[in-house]
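# Report on the structure
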Amino acid sequence: MAALASTISRPNLLQAIDRNELSVAFQPQLTADGQSVASVEALLRWRLPDGGFISPEIAVAHAEREGLIDMVGLYVLQQACTAARAWPGLVLAVNISPTHFAKPGFVDDVARVLDATWFPANRLEIEIVESAAFDDPDHASRQIERLHAIGARVAMDDFGTGYSSLSLLQRLPFDKVKIDKSFVDGIPATRSVAILHAMIALVRALGMKVTAEGVETVEQQRFLKAAGCHYLQGFLYARPLPAESVPAFLDKYRPKPR
């Protein structure tokens, strides 16, 4: 993979966008009881002409290095909104690069995509990692407030992996916090359980929703539900799905007629 990454060039990425080699997969996020689908997270996929794939981490890192992250981010947002428009009531979560989030015109970019795709702003949830806010919390706060003004929600992704999370939670008006998979992996170890209880209680006390990522076992699901998580995401429920497979997945969770 490292050798492959070294061969990626700016023209390769521009060509991939032009040829629709970049696509979006969707991973469901369920309510903590596992009974209904609350949202889906859009995830970048880059399929090569020979059938191989370039990992999202490498694709994003390359886009940032080549100054194309805004273009890639908006491409993913537009593709995701276009697909998710057909899933009424479902929230769409889209992770945004810190570089793109920091741009003064970012919220205007989001508003234009929403207008172009006719996607309801109140069904869009922008996810940002902690580093997107750490360097300039005041700017991050203004960006979040502007996103709220157009009707969108904002979530902090990978909570707990940085050293400034608590101060940022206190300062910034997030709607949701996503707990990193590394903490969920530790269940049922005593230390992991104690940390998760504290994290979930803190986020709830601040009036924010809580999602746990990387849920893979029934034991993890039961603990996180009892601890107060609102939503769960992970392989226990589904791996990332292509857009055409999402409706069938949603049908499994619709109430059955009596």
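All values reported here derive from a predicted model rather than from experimental measurement.

## What to know about the overall build of the protein
The secondary structure content of the protein amounts to 13 helices and 10 strands. In terms of overall dimensions, the protein is globule-like: its C-alpha atoms have a radius of gyration of 18 Å, near the 18 Å expected for 258 residues. Overall, the C-alpha framework of the protein stretches about 50 × 50 × 40 Å when taken along its three principal axes. Restricting the contact set of the protein to residue pairs at least 6 apart, pairs at least 24 apart contribute 69%. Surface summary for the protein: the accessible area is close to 12400 Å², and the carbon and sulfur share equals 54%. In the protein, the 26 positive side-chain charges and the 29 negative ones have mean positions that sit 7 Å from each other.

## Overview of the confidence of the model for the protein
Model confidence for the protein is summarised by a mean pLDDT of 89, while 94% of its residues fall at 70 or above. Under a pLDDT of 50 for its full length, residues 1-6 has, in the predicted model, seven contacts with residues more than four places off or in other chains.

## Some thoughts on the packing of helix α11 (residues 190-205) against helix α12 (residues 218-227)
Across the interface, α11 lies against α12 with an axial gap of 10 Å and an inter-helix angle of 40 degrees. The orientation of α11 with respect to α12, classified from their angle, is oblique. Classified by chirality, the crossing of α12 by α11 is right-handed. The residues of α12 that touch α11, namely those facing Val193, Leu196, His197 and Ile200, are Phe223, Leu224 and Ala227. Residue classes in the contact of α11 with α12 are distributed as six nonpolar, one polar and no charged.

## So, the pattern of salt bridges
Following the criterion strictly, the structure yields 10 salt bridges and no others. A salt bridge links Lys178 to Glu127, with the nearest nitrogen and oxygen atoms 2.9 Å apart. Linking Lys178 in strand β7 (residues 176-179) with Glu127 in strand β5 (residues 124-129), this pair joins segments that are 51 residues apart in sequence. Considered together, Lys178 and Glu127 belong to a single accessibility category, that of buried residues. One connected set of salt bridges, linked through shared partners, spans Glu41, Glu127, Lys178 and Glu213.

## Focus on the nonpolar core
In a soluble, globular protein the nonpolar side chains are often hidden away together inside. In this structure, Phe26, Leu92, Leu124 and Leu224 are the most contacted members of the largest nonpolar core, which totals 82 residues. With nine residues, helix α4 (residues 69-84) is the largest single contributor of residues to this core. In this structure Leu224 touches Val184, Ile187, Ile200, Ala212, Val215, Cys229 and Leu232, once residues within four positions along its chain are discounted.

## Quick notes on the pairing of β5
Summarising burial for β5: six of the six residues are buried, a large majority. A two-sided burial pattern is seen for β5, the buried positions comprising Leu124, Ile126 and Ile128 on one face and Glu125, Glu127 and Val129 on the other. Direction of pairing for β5 relative to strand β6 (residues 153-159): parallel, over a ladder of five bridges. When the bridges of β6 are listed, Glu127 appears paired with Ala155.

## Topic: the packing of helix α2 (residues 10-18) against α4
Following both chains from N to C, one finds α2 and α4 inclined at 20 degrees, their axes separated by 12 Å at the closest point. With respect to α4, the element α2 is oriented roughly parallel. The handedness of the crossing between α2 and α4 is left-handed. Listed contacts from α4 to Leu13, Leu14 and Ile17 of α2 are Met71, Val72 and Tyr75. The class makeup of the residues in the contact of α2 with α4 is six nonpolar, no polar and no charged.

The rules we used
- Residues numbered from 1 in each chain as written.
- Predicted model: local features only at pLDDT ≥ 70, side-chain atom pairs only at ≥ 80, totals over all residues.
- Heavy atoms only, no water.
- Helix = DSSP H or I, 4+ residues; strand = E, 2+ residues; numbered from the N terminus.
- Rg over C-alpha atoms; globule rule 2.2 N^0.38 Å.
- Contact = heavy atoms within 4.5 Å.
- Areas by Shrake-Rupley, 256 points an atom, 1.4 Å probe, with all protein chains shown as cover.
- Lys, Arg positive; Asp, Glu negative; His and termini not counted.
- Charge placed at Lys NZ, Arg CZ, Asp CG, Glu CD.
- pLDDT = per-residue confidence, 0-100.
- Axes fitted to C-alpha atoms, helices over the stretch in contact; angles between N-to-C directions.
- Parallel < 35°, antiparallel > 145°, perpendicular 65-115°, else oblique.
- Left-handed = near helix turned anticlockwise from the far one by under 90°.
- Nonpolar A, V, L, I, M, F, W, Y, C, P; charged D, E, K, R; others polar.
- Salt bridge = Lys/Arg side-chain N within 4 Å of Asp/Glu carboxyl O.
- Buried < 20%, exposed > 50% of the residue type's maximum accessible area, 1.4 Å probe, protein only.
- Core = buried A, V, L, I, M, F, W, Y, C linked by side-chain atoms within 4.5 Å.
- Pairing = 2+ DSSP bridges.

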